[in-house]
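Structural overview for review
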Amino acid sequence: MRHLGHYISFGVNLVMFAFVCVFIVREASRRKNMPSHWLRYGPSYLAVAAALLIMADQTRHVLQDTGVWHSGAWPGSSQYLDDCDQTVVSVPASNCTVNSDCGAVPCGTHGHFAVINGSTCRSCDVGAGACVESAESFGCLSAVGWVFTVLFTYTGFGLFFFASFWNANLVGKLRAIAVKWEA
């Protein structure tokens, strides 16, 4: 089910970014009196760069789900470390006495197992007698997770925010409102 969510998210965002980027590029005609190419097309360049950065993590998910980019050791596509000390009980909960009770497919480098190939690596918390997996939190992000999830996605949203405000001439409009209220 998680794979379906990745595919839907990828498709919806791809279509949405395509329409928004085309809109912003077409809006450049409003700025034809600008003195430089950058001032005229800057919002377009930033919007396209932002869309590519934001779509990078979703593309990583789809490539991982389809088996094109395998998870595992560097440069694997895993967003999270499979041997993170922060763990949560796996859902559905299952009892165990050894790691192999938690799945049939060996994964990771620490004797963990997955239920199916490409699913989350799990291990046995012998003290609790339950299968656990690494918590999906900032503390468990892999290098790929930090680059794609944090760096690319957040930088992309920042650029998209800036490109949208630049395209809408928000500073000019706010300046006009301030002048109007001063009078």
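Residues numbered from 1 in each chain as written. Predicted model: local features only at pLDDT ≥ 70, side-chain atom pairs only at ≥ 80, totals over all residues. Heavy atoms only, no water.

Topic: unusual backbone geometry
Spelled out, the test is: Segments assigned H or I by DSSP are reported as helices when at least four residues long, segments assigned E as strands when at least two residues long, and all are numbered from the N terminus. Residue burial is assigned from relative accessible area. The probe radius is 1.4 Å, only protein chains are included, and a residue is buried under 20% of its type maximum, exposed over 50%, and partly exposed in between.
Located in the positive-phi region is Asn 169, a residue other than glycine, with phi close to 55 degrees. Residue position: Asn 169 is located in the loop between α3 (143–167) and α4 (170–182). Classification of Asn 169 by relative accessible area gives partly exposed; the value is 42%.

Structural notes on the pattern of salt bridges
Selection rule: When a carboxyl oxygen of Asp or Glu is within 4 Å of a side-chain nitrogen of Lys or Arg, the pair counts as a salt bridge.
Tallying each qualifying case throughout the model produces two salt bridges. Note that Glu 27 is salt-bridged to Arg 30, the shortest N-O span being 2.4 Å. Here Arg 30 falls in the partly exposed class, since its relative accessible area comes to 47%. The residue Arg 60 makes a salt bridge to Asp 57 at a minimum N-O spacing of 3.0 Å. Pair noted here: Arg 60 and Asp 57 are both in helix α2 (residues 37–65), with a separation of three residues, about one helical turn. Summarising the burial analysis for this pair, Arg 60 and Asp 57 share the class buried.

Let's talk about the side chain of Asp 65
We apply this condition: In protein, a polar contact requires one atom able to donate a hydrogen and another able to accept it; more generally it is a pair of N or O atoms within 3.5 Å, and residues adjacent in sequence count only if both atoms are side-chain atoms.
Relative to the assigned elements, Asp 65 resides in helix α2. Separated by 2.8 Å, the side chains of Asp 65 and His 3 make a polar contact.

Some thoughts on the state of the cysteines
So the rule is basically this: Disulfide assignment relies on a single distance test, namely cysteine sulfur atoms paired within 2.5 Å.
Here the structure, examined in full by the defined rule, presents two disulfides. Here Cys 96 connects covalently by a disulfide to Cys 124, the sulfurs 2.1 Å from one another. Handedness here is read from the sign of the S-S torsion; for Cys 96 and Cys 124, about 90 degrees, the answer is right-handed. Linking Cys 96 in the loop between β1 (87–89) and β2 (105–107) with Cys 124 in strand β4 (residues 122–125), this pair joins segments that are 28 residues apart in sequence. The pair formed by Cys 96 and Cys 124 is uniform in burial state, with each residue classed as buried. In this model Cys 102 forms its disulfide with Cys 131; the gap between the sulfur atoms is 2.1 Å. The sign of the -95 degrees torsion about the S-S bond sets the Cys 102-Cys 131 disulfide as left-handed.

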